[in-house]
Amino acid sequence: NDVDLAFPSESGIELYWNRRDHWEHESIHDPTKRSLFFAEDFDGDGRAEILGLGGAAGWTRTRFEADGNWAIQITLTGPSVRAAAIGDLDNDGDLDLVTSDDLATQWLRNDDGTFVVAGVIIAEPSRDLHCVDLDGDLRLEVVALGAAGVRVFRSSGAESNAAWVLTLDGRRDQRDGIGCVVEQVAGRVWQTRMVKEPGGLHLGLGASSRDSLDGIRLRWPAGIIQALPRDRFEVAKDGSASVRQKEGLVASCPFLFSRGENGWQFITDILGIAPLDEWRPPGAPELLDPQEHVRIAGDALAPVDGFLHLAITEELREITYLDSVELRAIDHPFGTVVHADESTTQGTIVPLRVLLVPETELSTPCRVHTERGGDSTETIRAQDGRFLHPEVSGPPQLAGWTPPQRLAFTPKDGARWLLLTGRVAWYDSTAVYALHQSGRGWATPRLFEIAADGTRSLIVSEVGLPAGLDRTALVELPAEISTGAIVELEVQHRLLLDRISCAPAMSLIEIPDGEGRVVLADGRSLEVTRAPLIGAVLSFHGYSTPIGDPALHEQTYDLERATIDAPWPTVTGRATRHGPVRHLIEEFDDNLVILLPADRVDLTFGSLPPAAEGMTRTWFLTVSGWAKEASFHGKSGTTIEPLPFRGMSTYSAGRSSSR
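Since this is a predicted model, take the numbers as computed values, not measurements.

Visitor: What is the right way to read the overall build of the protein chain from this model?
Guide: If you tally the helices and strands in the protein chain, you get 2 helices and 49 strands. Across its three principal directions, the C-alpha atoms of the protein chain cover 100 × 60 × 45 Å. For the protein chain, restricting intrachain contacts to residue pairs at least 6 apart in sequence, the fraction spanning at least 24 positions comes to 64%. Of the roughly 28,800 Å² of accessible surface on the protein chain, 50% is carried by carbon and sulfur atoms.

Visitor: Sorry if this is basic, but what is going on with the packing of aromatic side chains here?
Guide: The relation between two aromatic rings is expressed through the spacing of the ring centres and the mutual angle of the planes. Scanning the entire structure with this criterion turns up 9 aromatic pairs. Judged by centre distance (5.8 Å) and plane angle (20°), the rings of Trp164 and Phe233 are stacked. Taken together, the residues span a long stretch of sequence, with Trp164 in strand E15 (residues 163–169) and Phe233 in the loop between strand E20 (225–229) and strand E21 (240–244) at a distance of 69 residues. Accessibility assignment for this pair places Trp164 and Phe233 in one class, buried. Ring pairs connect the aromatic residues Phe255, Phe257, Phe266 and Tyr557, which therefore count as one cluster. Arg109 extends its terminal NZ or CZ atom over the ring of Trp107, reaching a point 4.9 Å from the ring centre. Its end group placed over the ring of Phe233, Arg230 keeps NZ or CZ at 5.5 Å from the ring centre.

Visitor: Is there a simple way to explain the pattern of salt bridges in this structure?
Guide: Should their charged atoms come close, side chains of opposite charge can pair. Scanning the entire structure with this criterion turns up 40 salt bridges. Put simply, Arg406 and Glu488 hold a salt bridge, and the shortest N to O gap is 3.9 Å. Separated by 82 residues along the polypeptide, Arg406 in strand E31 (residues 401–410) and Glu488 in strand E36 (residues 486–493) bring together distant segments of the chain. A salt bridge links Arg406 to Glu490, with the shortest nitrogen-to-oxygen separation between them at 3.1 Å. Taken together, the residues Arg406 in strand E31 and Glu490 in strand E36 connect sequence positions 84 residues apart. Taking the relative accessible area as the measure of exposure, Arg406 reaches 31% and is therefore partly exposed. Judged by relative accessible area, which is 11%, Glu490 ranks as buried. Because the salt bridges share partners, they merge into one network encompassing Asp43, Asp45, Arg47, Glu49, Arg61 and Arg63.

Visitor: It is not clear to me how the sheet that holds strand E7 (residues 70–75) should be interpreted in this structure. Could you clarify?
Guide: Each strand in a sheet pairs with its neighbour through backbone hydrogen bonds, running either in the same direction (parallel) or in the opposite one (antiparallel). Overall, antiparallel pairing links the 4 strands, which are arranged E4-E5-E6-E7 in an open sheet. Whereas interior strands pair on both sides, the edge strands pair on one side only; in this sheet they are strand E4 (36–40) and E7. Here the average twist between neighbouring strands, direction ignored, is 15°. Examined bridge by bridge, strand E6 (residues 59–64) and E7 share 6 bridges and lie antiparallel to one another. Among the inter-strand pairings, Phe64 is bridged to a residue of E7, identified as Trp70.

Visitor: Help me understand unusual backbone geometry, please; the structure alone is not making it clear to me.
Guide: Negative phi is the rule for most residues except glycine; trans is the rule for most peptide bonds. Here the bond from Glu641 into Pro642 is cis, since omega is 0°, no more than 30 degrees from zero. Here Pro642 is to be found in the loop between strand E47 (615–629) and strand E48 (650–651). With a phi angle near 55°, Asp470 is a residue other than glycine that sits in the positive phi range. Its place among the elements puts Asp470 in the loop between strand E34 (456–460) and strand E35 (471–476).

Visitor: Any chance you could explain empty space enclosed by the protein here in plain terms?
Guide: Gaps left between atoms show up when a probe the size of a water molecule is rolled over them. Following the criterion strictly, the structure yields 5 cavities of 30 Å³ or more and no others. Of the volumes computed, that of the largest cavity is approximately 160 Å³. If you trace the largest cavity, you find 13 residues lining it, with His389, Pro390, Gln405, Leu407 and Val491 closest to the centre. Elements supplying a minimum of two residues to the lining of the largest cavity: E31, E36 and strand E37 (495–504). With 3 residues, the top contributor of residues to the lining of the largest cavity is E31. Of the residues contributing to the lining of the largest cavity, the split by class is 7 nonpolar, 3 polar and 3 charged.

Visitor: Even after reading the chapter, I still don't get the sheet that holds strand E46 (residues 599–606), so can you show me in this structure?
Guide: Here we have 6 strands laid out as an open sheet, ordered E23-E22-E26-E46-E41-E44, and antiparallel in their pairing. The open sheet has two edge strands with one neighbour each: strand E23 (263–269) and strand E44 (579–580). Two elements, strand E41 (residues 533–540) and E46, share 7 bridges in a ladder whose sense is antiparallel. Of the residues in E46, the one forming a bridge with Leu538 is Val601.

Parameters at a glance
Residues numbered from 1 in each chain as written. Predicted model: local features only at pLDDT ≥ 70, side-chain atom pairs only at ≥ 80, totals over all residues. Heavy atoms only, no water. Helix = DSSP H or I, 4+ residues; strand = E, 2+ residues; numbered from the N terminus. Contact = heavy atoms within 4.5 Å. Areas by Shrake-Rupley, 256 points an atom, 1.4 Å probe, with all protein chains shown as cover. Phe/Tyr/Trp six-rings, centres within 6.5 Å; stacked < 30°, edge-to-face > 60°. Buried < 20%, exposed > 50% of the residue type's maximum accessible area, 1.4 Å probe, protein only. Lys NZ or Arg CZ within 6 Å of the ring centre and 35° of its normal. Salt bridge = Lys/Arg side-chain N within 4 Å of Asp/Glu carboxyl O. Pairing = 2+ DSSP bridges. Axes fitted to C-alpha atoms, helices over the stretch in contact; angles between N-to-C directions. 1 Å grid on protein atoms, 1.4 Å probe; cavity = no way out; pocket = protein on both sides within 12 Å on 5 of 7 lines; lining within 4 Å. Points joined across faces, edges and corners; volume = space filled by probe spheres on them. Nonpolar A, V, L, I, M, F, W, Y, C, P; charged D, E, K, R; others polar.

Below is the structure:
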C-alpha cells in the first residue's frame, strides 16, 4: 500500500517507486508525450494501469504485469485529447472515460477493458471535465467547462443498473479513508478502486438490484485488511453506506496462551519491549534487548495428559523471531505473592528478580482520584478486569497516545513499592511518525510528590508501565517520601489500570539460573524448578477470536476459535518450515523460529511434582526473541530479512550489525 509517483516527461512516463527509505526511478519510453494521466484498474484484474492521454492522438495504456514487466498498448485513433475525466457512467462496474478534443466532448464506454465510443455528449470542446453525482440519484453527471460556461449533462444507460456510495470512517488511518483500496464483489462483477477524495466512493453493480452485492474487502493504508460480507454492513434505501475501520491492536507482540484444567487461557502479549524496525524520532535510541520474564499465575497452567502446554501465536501485522524459551516454577510460602518487574523499563538481559510479598502486607492506596476529581479507589482495588481508563483520549489515528493524564493517590504509611497492574495500548510507527510531524510526542511517565501547599516534587523520573496486556510493573518509591503524602502519576500513554497496590520496604530476590533453593534472611525459602522442554511444533493457526471490546482495549482472545481470513498483507522471504522446532528454541543461540502472521508454536513441557505442603506455585516464562512491525514506515517491514542476533548494535534494512 505504499504510494508511488508517476508523471509525464519528454521521453514518456517517469515512475518513482516508494521503497520506504528511498525512491527507485524507472522510465517507460512512450513517444506520444502524453499530458493527462489516470491510475485506475480499468480491466478488473486488481492492478492499476496508467492511462495516458493528450499529446499525440488516442491514448496509451501501460500495465504492470505479474512477471514484473511493462505491457504498453498505444492506440492512435482520433484527435488529441485536451481534457478528460473518468467515472462509471452506466453503473456496470467498469470505469468509463469522458474526453474532449478540439471538436467535441464524448463518452467512451469501458467494454471489458477496451474503450469504445458510446456517444457525443456535446459537439464542442471542453476545457475541464468532471464526473460527479450532483443530485444524489446514484447516477453520475458530467460537468463540462467550456466556452459557454459550466454545463451539466446526465448520463444515459445507467437506469438499468444499480449503484451505491460507500463512505469510510478511518480510525487508525485518515478519517475519510483516503488511500484505502476497496474491492467490491457483486455476482460476476469484481472491481478495485482507491478512495482518492472525501465524499464517498460511487460503485456501480452491473445489475438491476443492490441485492447482487456480495461484500467488500478494504485494504487500508496502514496495512489493515478488513473483509466484510454483505450482512456485516447496511446499505440504506438511498444507496448510502458507511463502514468504520475496525479497531483494536494492529502491531503489538505475539500472544501467549496457557492450558489449564479449564482449557486454553489467554495470558498476555510478549516481546513488546524491543520492537525491530520501528520508526523512531531522530535521535531516539534503538532498543534491541531480546529477553523478558513473563509471570503466569499458578492456576493458569496445569498438567494435561501428564504434560504442561503453552502456545505462542503471531496474529498481528508483524514478524516474530523466537530464539529461546525457558519455563520455571517458583514455589513460595502459602499466603505470599511473587512478582517480577514486567515493565517497559526492561532493557538489558538480566537474571530473574522477584518481589516476595505477604498478601496481608499488600495494601490499596487511599483515595485514588483522577485529575478531574473522580474517585477510582474501588476500580483499582482488585485485579478483576474492571479497568481505569484515561479520562481524555487522543484521536484514534494516534493510537496509544493521550494528552497528559494525572492520577493521584496516597500510599499507606511505610509503602516502598508500587505495583501497577494493567495494560498499555501499544502505539505503532504510524502514530509515532504522525506525532513527530505535528511536533508532539510521549513524555516519560513520572511520579511526583504533592506537598500540602500544592508544590510538586519529582520523586521517580522514569516509571515503567505494564509491558503489554495484564502485566505488573514494579516501581520503587524513595525512602524520603513523607508520611501521608499525595503521590501523582503523570503519563501520556493509553494506560488501563486494573489494580494499584503498595508493599513495604523489601529487596528484590535474584533467582539463579536453572534450579535450586533460595534461602532468605528470615529463614523462609523459595524452591525453583525448571520444567524440561519436551517438544515444540510450528503450525498454521489463523487468528484468534477477540473476546470483549477491542475498541476499548479490554479484549482477550479465544485460541480455540480462530478464523483464517488474513487481516494483514503478506511478507516476503524465507520463514521457518512448519513442523518440529524444539532444536531451534531450547537454547539462547541465535537459531530462530520465524513466525509469520497466523503461525503458532505449541510448547510442551514435562510436568513437575506438586508444590510441597505449605507452599504455592507461580510460573515464569523467560522468552528471548524479537518482534518486527510490518509498518510502511519501517524499512524492512514487508521482508523477513535481515535476521536479528544477540549483541547487534543496530538493525536496518540492509543488514543488522555488528556481530
